[in-house]
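Here are the chains, one letter per residue:
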Amino acid sequence: MENFKFSNPVKIIFGKGMIKELSKEISINKKVMILYGGGSIKSNGVYEQVMSALQNHQVTEFGGIEPNPHYETCMEAVNKIKQDKVDFLLAVGGGSVIDATKFIVAAACCEYDPWKLMTGEIPIRDAMPFGTVLTLPATGSEMNKNFVVTKASTKEKLACSSPFVFPKFSVLDPETTYSLPAKQTANGIADAFIHVLEQYLTAHQEAFIQDYFAESIIKVLLEKGVQVFQSPYDYDIRANLMWASTWALNEWIAQGVSEDWATHMIGHELTAFYGIDHGQTLAIVLPGVMHLLRAQKEEKILQLGKNVFGIDSGTIDERIDMTINQIDQFFRSIGIKTKLSEYGLGIDAIAPIVERFKERKWQLGEAGNIDYEMIEKILRSRI
Ligand code: NZQ
Ligand code: ZN
């Protein structure tokens, strides 16, 4: 196990009816801005619960944050914050609303061109305080310091991370997820599942707490991720999925081990160029990464196959193929297609993505050996 320093300061407020706790978490003298997406919170009762909890606060709002949030929209919110003299933000929604809010709280404290925070040209040195009410279990954004923002004008989707943008608190009420369309529930399960694998499917490092914890999260996602489609209003199924997704990316399982993230980096480009949902892009790319890097990841793929899917016989190659196949079948069983052609994309779709990685000179993966040529092979294997 490698050395590490770790702290996660996010206060979690979990359970049925817990949105009312907002009144205690946000000081009464704060002027609060509620940020939300395209309106789901207005039709599922979440907006009313938030407004009722904050009835004695001074509240303003900013809606219309799109999935895969746009830099351009975020900058409108930054202007409104300054006009309205807001001093606390509350993100109410899924990963897109929370990520947008993280960018907004940092951009509001930045004197330079805030896009440079995303490109890494300038560091984040400060951010406004904010909390979240999560409505879509998927990204782990409610308990991590990461955010992903897209510049629509250039189709650049970039990820950023800073300890300044940890939420002060996150309210996780599983009942808010009853209204999710099946497609979003499935996307969230695939996203959380692959977050775990990005931190687990690397090299064996004698890190048993991290490994067995990761395997437990995957087992919950596999089991509850199927049951939820038969029983979408079962509180305990929704609660387990919500908590599993938070743990998949609150960075505990990443401590002391190497991480991959190639599937995410390639997936982000599929969203940036072709608008495919985040969870779907990962389900397309992951089997290709596992297949092409099977030798490097052999020990952990075999461990995953044995400990999670019960695959313990056959040659090494057969066991690896069976494990990749089980994962592919799981995605398909929850309604997620895993081939580019199933999203109407062919060989021509690959060139712009490969060109972008070539320009950026990025070397991805836990060993830093996935270059643009390897990315081309991975994507070609997914047509
Ligand atoms: O916009 P509204 O109307 O709220 O509708 C949303 C949206 O259309 C809807 N939705 C959310 N909660 C709902 C609901 N509909 C009904 N009932 C509810 N309770 O779901 C749609 C998708 O929402 P979105 O927030 O875009 O999904 P998700 O949570 O999957 O977030 C995706 C974004 O997070 C980034 C992704 O790249 C993408 O931009 N990620 C963030 C990460 C992080 N911060 O650590 C890591 C991830 O790997 C990921 O990259
Ligand atoms: Zn993700």
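As the structure is a computational prediction, the values presented were derived from the model and not from experiment.

1. Focus on the coordination of the zinc ion (ligand 2)
Then comes step 1: For the zinc ion (ligand 2), the full set of protein donor atoms is Asp191 (OD), His195 (NE2), His264 (NE2) and His278 (NE2), and the range of their distances to it is 2.0 to 2.2 Å.
Then comes step 2: Read in sequence order, the donor residues coordinating the zinc ion (ligand 2) give the pattern D-x3-H-x68-H-x13-H. Separated by four residues within a single helix, Asp191 and His195 lie in helix H7 (residues 182-200), roughly one turn from each other.
Then comes step 3: For Asp191, a relative accessible area of 2% translates into the label buried.
Then comes step 4: Residue class for His195 comes out buried when judged on its relative accessible area of 3%.

2. Considering the site of ligand 1
Then comes step 1: Residues in contact with ligand 1 amount to 33 residues; listed here are only the nearest, Gly38, Ser40, Gly95, Ser96 and Asp99.
Then comes step 2: A distance of 3.2 Å separates an oxygen atom of ligand 1 from a polar atom in the side chain of Asn68.
Then comes step 3: Contact distances for ligand 1 include 3.0 Å between an oxygen atom and a side-chain N or O atom of His278.
Then comes step 4: When isolated, ligand 1 has an accessible area of 960 Å², and the protein chains bury 89% of it.
Then comes step 5: Contributing elements (two or more residues each) for the shell around ligand 1: helix H5 (95-107), strand S6 (146-151), H7 and helix H10 (262-274).

3. Some details on H7
Then comes step 1: For H7, built from 19 residues, the straight-helix expectation of 27 Å at 1.5 Å per residue is met to within 8% by its first-to-last C-alpha distance of 27 Å.
Then comes step 2: Where burial is concerned, most of H7 is hidden: 16 out of the 19 residues are buried.

4. Quick word on the domain arrangement of the protein
Then comes step 1: Domain annotation for the protein reports domain 1 (11-177) and domain 2 (182-380).
Then comes step 2: One C-alpha centre belongs to domain 1, the other to domain 2, and the line joining them spans 26 Å.
Then comes step 3: Contact with domain 1, which involves 29 residues of that partner, is made by 25 residues of domain 2.
Then comes step 4: Summing the contributions of domain 1 and of domain 2, the shared interface buries around 2200 Å²; its carbon and sulfur component is 61%.
Then comes step 5: Put simply, domain 1 and domain 2 have one salt bridge between them.
Then comes step 6: Put simply, Glu251 and Lys145 hold a salt bridge, and the shortest N to O gap is 2.9 Å.
Then comes step 7: In this structure, the connection of domain 1 to domain 2 is made through eight residue pairs in polar contact (both at pLDDT 80 or more).
Then comes step 8: With four residues, strand S7 (residues 156-161) is the single largest residue contributor to the side of domain 1 that touches domain 2.
Then comes step 9: Classifying every residue of the side of domain 1 that touches domain 2 gives twelve nonpolar, nine polar and eight charged.

5. Quick word on the sheet that holds strand S3 (residues 58-62)
Then comes step 1: Judged by pairing direction, the sheet is parallel, and its six strands sit side by side in the order S1-S8-S5-S4-S2-S3 without closing on themselves. Looking at which strands have only one partner, the edges of the open sheet turn out to be strand S1 (11-14) and S3. For this sheet, the mean angle separating the axes of adjacent strands, direction not counted, is 20 degrees.
Then comes step 2: Here strand S5 (residues 130-134) pairs with strand S8 (residues 169-172) via three bridges, running parallel. Its bridge partner lying in S8, Leu134 is registered against Leu172.

6. Here's the deal with the state of the cysteines
Then comes step 1: Inspection of every chain in the model, using the stated rule, returns zero disulfides.
Then comes step 2: Unpaired in this structure, Cys110 has its nearest cysteine sulfur neighbour in Cys109, at a distance of 8.8 Å.
Then comes step 3: Its relative accessible area of 14% is what places Cys110 among the buried residues.

7. As for the pairing of S5
Then comes step 1: With five of its five residues buried, S5 lies for the most part within the structure.
Then comes step 2: With five bridges joining them, strand S4 (residues 88-93) and S5 adopt parallel strand pairing. Looking at the pairing, Leu90 lines up with Gly131 of S5.

The rules behind these values
Residues numbered from 1 in each chain as written. Chains lettered and ligands numbered in written order. Predicted model: local features only at pLDDT ≥ 70, side-chain atom pairs only at ≥ 80, totals over all residues. Heavy atoms only, no water. Donors = N, O, S within 2.8 Å, 3.2 Å for Na, K, Ca; no water. Helix = DSSP H or I, 4+ residues; strand = E, 2+ residues; numbered from the N terminus. Buried < 20%, exposed > 50% of the residue type's maximum accessible area, 1.4 Å probe, protein only. Near = heavy atom within 4 Å. Polar contact = N/O pair within 3.5 Å; in protein donor to acceptor, adjacent residues only side chain to side chain. Areas by Shrake-Rupley, 256 points an atom, 1.4 Å probe, with all protein chains shown as cover. Expected span 1.5 Å × (residues − 1). Domains from an automatic or database assignment. Contact = heavy atoms within 4.5 Å. Buried area = accessible area lost by both parts, 1.4 Å probe. Salt bridge = Lys/Arg side-chain N within 4 Å of Asp/Glu carboxyl O. Nonpolar A, V, L, I, M, F, W, Y, C, P; charged D, E, K, R; others polar. Pairing = 2+ DSSP bridges. Axes fitted to C-alpha atoms, helices over the stretch in contact; angles between N-to-C directions. Disulfide = S-S within 2.5 Å.

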